[in-house]
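So the chains spell out like this:
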Amino acid sequence: MTSDSSDLDLELARVFRASSGAIIASMVAICHDLETAEDALQEAIIKAKIHWQKDQLPDNPQGWLHTVAKRCLIDHLRQDDHRRREPILEGAYTSLANHKISQEGQQEIPDHQLKLMFVCCHPALNQSAQVALTLKTLCGLTAREIARAFLLSEAAMRRRLTRAKDKIRDTNIAYRIPEGDELKERLDSVLAVIYLIYNESYTAFEGQNLSRQDLANEAIRLARLLSNLLPNPAVLGLLALMLFHQARQPARSSQTSAYIPLEVQDRTLWNNEQISEGKTLLLKALGEGKPDPYQLQAAISALHCEASSWENTDWKQIHMLYLTLQQLAPSPVVELNALVALSQACCPQDAYGQLEQLAESLSAYQPYFAAKADMEIKLGEHSQAKQSLARALELSKNGAEQSYLQDKLAELSRIAITPK
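All values derive from a computational prediction rather than experimental measurement.

Rules used throughout
Residues numbered from 1 in each chain as written. Predicted model: local features only at pLDDT ≥ 70, side-chain atom pairs only at ≥ 80, totals over all residues. Heavy atoms only, no water. Helix = DSSP H or I, 4+ residues; strand = E, 2+ residues; numbered from the N terminus. Buried < 20%, exposed > 50% of the residue type's maximum accessible area, 1.4 Å probe, protein only. Contact = heavy atoms within 4.5 Å. Areas by Shrake-Rupley, 256 points an atom, 1.4 Å probe, with all protein chains shown as cover. Core = buried A, V, L, I, M, F, W, Y, C linked by side-chain atoms within 4.5 Å. Axes fitted to C-alpha atoms, helices over the stretch in contact; angles between N-to-C directions. Parallel < 35°, antiparallel > 145°, perpendicular 65-115°, else oblique. Left-handed = near helix turned anticlockwise from the far one by under 90°. Polar contact = N/O pair within 3.5 Å; in protein donor to acceptor, adjacent residues only side chain to side chain. Phe/Tyr/Trp six-rings, centres within 6.5 Å; stacked < 30°, edge-to-face > 60°. Lys NZ or Arg CZ within 6 Å of the ring centre and 35° of its normal. Salt bridge = Lys/Arg side-chain N within 4 Å of Asp/Glu carboxyl O. Nonpolar A, V, L, I, M, F, W, Y, C, P; charged D, E, K, R; others polar.

Undergrad: An account of the overall build of the protein chain is needed here, citing residue identities and associated values.
TA: Scanning the protein chain for helices and strands turns up 19 helices and 0 strands. Counting every position in the protein chain, which comprises 420 residues, the buried fraction comes to 48%. Sequence-distant contacts in the protein chain: of pairs separated by 6 or more residues, those separated by 24 or more amount to 65%. Element-wise, carbon and sulfur atoms account for 50% of the exposed surface of the protein chain, whose accessible area totals about 20,800 Å².

In structure tokens form, the structure reads like this:
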């Protein structure tokens, strides 16, 4: 028996988060309507709360919820005269009859999830809608959770989700995995969304926490799903990149320091298992001979993970990789990173001299001023470094970063006034 209502709510939340994406994808494969599938799952959740409160939890809660959701879907299809089409109902009956409440009965679902991922990331939707819909349908996050992650009101996020679902319905977006040239175009959108979700988790834009671990976990889970079913070099490169970053996560903060930069992290805290997996994936991707921005960024992260210390990092190789990345995906941020690597490798004066050309394009980019301050400190330009740090502090919205920058500015001020 479930012990109390709170235990039941926790179990339902766990089951929903773990399996909602697979269940919705399975039902959309039948009815080709996201709203109807979500309604059926919500009704199944209500039934689960009633039945699980009275009886023991089923041996396979995910399978139970999947089967009941399909029954609810059939009821919705029967009652909706506007949508009543015999082939769809027939398909729903067949799917329910073939579905076994067992672990084996779930094996067909990931293929449906991949199709749903391509629907959620269709180019007809803008990127903010793609991200929101992916988190809602495939990751099981609520509108409130997504709104909090992206600094929007819950009402605004609900409107965004509704518009996205309406767009899918009104433009009749096909529920399938694209092929040929269309696959490449659509795959780029899918990878961009997964990468955006992970980047959002990596450094929280506002607040006191340095990261949002739930978003990171979901981005990696989606990339794993994609790589298992579509082991494209770009997919493998993205998954490797996220694993390298995630491996360093335990060392990015401590009980005494809210933010610890890579330069001084305790590398014994890094997750060697994730680093090893990332290397395996990266080597497999590079073996295809089709380098892309994700693979290059993963290669850069791999060099950081392999180095025994900041000083022993292969900065020359990292600089070369950033130059190659700049050719494939030119941006001021990539150019800034190349200059940071150049400064570390051998030529801080040359790197600093080239920073000015990025001043206008990165005038509101906090890492630009943090990197500028680091170079100025290295060159003994403490007065300029204080100004750069102050600007970086002004641009930062993250409490952990702000605390680190404040401490660094205070330390620099103490050095600057120390008599020679």
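Undergrad: Could you give an account of the nonpolar core, with specific residues and numbers?
TA: One finds Leu-65, Leu-116, Ile-194 and Leu-226 to be the most contacted residues of the largest nonpolar core, which totals 104 residues. Not counting the four nearest positions on each side in its chain, Leu-226 is found in contact with Leu-114, Met-117, Leu-187, Val-190, Leu-191, Ile-194, Pro-231 and Val-235. Leu-358, Ala-370, Ala-385 and Ala-392 belong to the second-largest nonpolar core, a separate cluster that totals 20 residues.

Undergrad: Any details on the packing of helix α10 (residues 213–229) against helix α11 (residues 233–247)? Residues and values, ideally.
TA: Their axes nearest at 9 Å, the elements α10 and α11 cross at an angle of 150 degrees. As judged from the angle between their axes, α10 and α11 are roughly antiparallel. Between α10 and α11 the crossing geometry is left-handed. Contact residues: α10 offers Gln-213, Ala-216, Asn-217, Ala-219, Ile-220, Ala-223, Arg-224, Leu-226 and Ser-227, while α11 offers Val-235, Leu-236, Leu-239, Met-242, Leu-243 and Gln-246.

Undergrad: Go over the side chain of Ser-396 with me, naming the residues and quoting the values.
TA: By the secondary structure assignment, Ser-396 is in the loop between α18 (382–395) and α19 (399–417). The class for Ser-396 is buried, based on a relative accessible area of 4%. Within polar-contact distance, the side chain of Ser-396 engages the side chain of Glu-401 at 3.3 Å. Setting aside chain neighbours within four positions, we find Ser-396 in contact with Gln-366, Glu-401, Gln-402 and Leu-405.

Undergrad: Can you explain the packing of aromatic side chains? Please cite residues and give values.
TA: Across all of its chains, the model carries 5 aromatic pairs by this definition. Taking 5.5 Å as the distance between ring centres and 85 degrees as the angle between the ring planes, the aromatic pair formed by Tyr-195 and Tyr-294 counts as edge-to-face. With Tyr-195 in helix α9 (residues 180–202) and Tyr-294 in helix α13 (residues 293–306), the pair connects residues that are 99 residues apart, well separated along the chain. Their ring planes at 85 degrees and their centres at 5.0 Å tell us that Tyr-368 and Phe-369 sit as a pair that is edge-to-face. The same class applies to Tyr-368 as to Phe-369, namely buried. In this structure, Arg-248 is placed above the aromatic ring of Trp-270, and the distance from its NZ or CZ to the ring centre is 6.0 Å.

Undergrad: So what's going on with the pattern of salt bridges? Which residues, and what values?
TA: A full pass over the atoms with the stated rule returns 18 salt bridges. Among the ionic pairs, Lys-136 bridges to Glu-38, the shortest N-O distance being 3.7 Å. Of this pair, Lys-136 sits in helix α6 (residues 127–137) while Glu-38 sits in helix α2 (residues 34–54), placing them 98 residues apart in sequence. Between Lys-165 and Glu-38 there is a salt bridge; the shortest N-O distance is 2.7 Å.

Undergrad: Before we move on, can you summarise α6 with the specific residues and values?
TA: Side chains that are three or four residues apart share a direction in an α-helix, a result of its 3.6 residues per turn. Most of α6 is tucked away: 8 of the 11 residues are buried. Taken residue by residue, α6 has Ala-129, Gln-130, Val-131, Ala-132, Leu-133, Thr-134, Leu-135 and Thr-137 as its buried positions.

Undergrad: Before we move on, can you summarise the packing of α2 against helix α3 (residues 61–79) with the specific residues and values?
TA: Put simply, α2 and α3 touch, their axes get as near as 8 Å, and they point 125 degrees apart. Here α3 runs oblique to α2, going by the angle between their axes. In terms of crossing hand, the pair formed by α2 and α3 is right-handed. Residues Thr-36, Asp-39, Ala-40, Leu-41, Glu-43, Ala-44, Ile-45, Lys-47, Ala-48, His-51 and Trp-52 of α2 form the contact with α3, whose own contacting residues are Pro-61, Trp-64, Leu-65, Val-68, Ala-69, Cys-72, Leu-73 and His-76. Looking at the contact of α2 with α3, its residues break down into 13 nonpolar, 3 polar and 3 charged.

Undergrad: Could you give an account of the environment of Cys-31, naming the residues involved and the relevant values?
TA: Here Cys-31 shows up in helix α1 (residues 5–31). Through-space distance from the C-alpha of Cys-31 to that of Ile-74 is 9.4 Å; in sequence the pair is 43 residues apart.

Undergrad: Let's hear about unusual backbone geometry: which residues, and what values?
TA: The phi torsion of most residues other than glycine is negative, and most of the peptide bonds are trans. Phi angles above zero are rare outside glycine, and His-32 is one such case at about 55 degrees. Relative to the elements of secondary structure, His-32 occurs in the loop between α1 and α2. You can call His-32 exposed: its relative accessible area is 55%. We note that Asn-172 has phi near 55 degrees; this positive angle belongs to a residue other than glycine. Topologically, Asn-172 is positioned in the loop between α8 (154–170) and α9. A relative accessible area of 65% means that Asn-172 is categorised as exposed.

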